[in-house]
Amino acid sequence: EISYSVFRGSYVSLIIYDMLGREVANLIHESKQPGEYSATWKADGEPSGVYFYRLVAGDNVTTKKMVLMR
């Protein structure tokens, strides 16, 4: 589960990538109002390993690393 905050109404995008930069999942692709949100990645069929998620909310861009362990 990935939690995030939107401080002013804006377009939000949350995409998960593998270590090679390939898009694995597109979790959010819509406009959001200010508030606290969370998104769940159901990684069924994905192997254990290191993944990155990129959260874009208006002008703010955040990229973080996460580890999927089975």
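Coordinates for the structure precede this section.
The rules behind the values
Residues numbered from 1 in each chain as written. Predicted model: local features only at pLDDT ≥ 70, side-chain atom pairs only at ≥ 80, totals over all residues. Heavy atoms only, no water. Helix = DSSP H or I, 4+ residues; strand = E, 2+ residues; numbered from the N terminus. Rg over C-alpha atoms; globule rule 2.2 N^0.38 Å. Buried < 20%, exposed > 50% of the residue type's maximum accessible area, 1.4 Å probe, protein only. Contact = heavy atoms within 4.5 Å. Lys, Arg positive; Asp, Glu negative; His and termini not counted. Charge placed at Lys NZ, Arg CZ, Asp CG, Glu CD. Salt bridge = Lys/Arg side-chain N within 4 Å of Asp/Glu carboxyl O.

As a further point, take the overall build of the protein. Check the secondary structure of the protein and you find zero helices and six strands. Each helix and strand of the protein, placed in order from N terminus to C terminus, yields the pattern β-β-β-β-β-β. Here the protein has a C-alpha radius of gyration of 12 Å; the compact-globule value for 70 residues is 11 Å, and the two agree. Once the C-alpha set of the protein is aligned to its principal axes, its extents read approximately 35 × 20 × 15 Å. Every one of the 70 residues in the protein was classed for burial, and the buried ones make up 33%. Within the protein, contacts between residues separated by at least 24 positions form 51% of all contacts whose residues are at least 6 apart in sequence. Taken as two groups, the 8 positive and 8 negative side-chain charges of the protein have centres that lie 4 Å from each other.

What follows deals with the pattern of salt bridges. Under the counting rule described, the total for this entry stands at two salt bridges. Between aspartate 18 and arginine 22 there is a salt bridge, and its shortest N-O distance comes to 2.8 Å.

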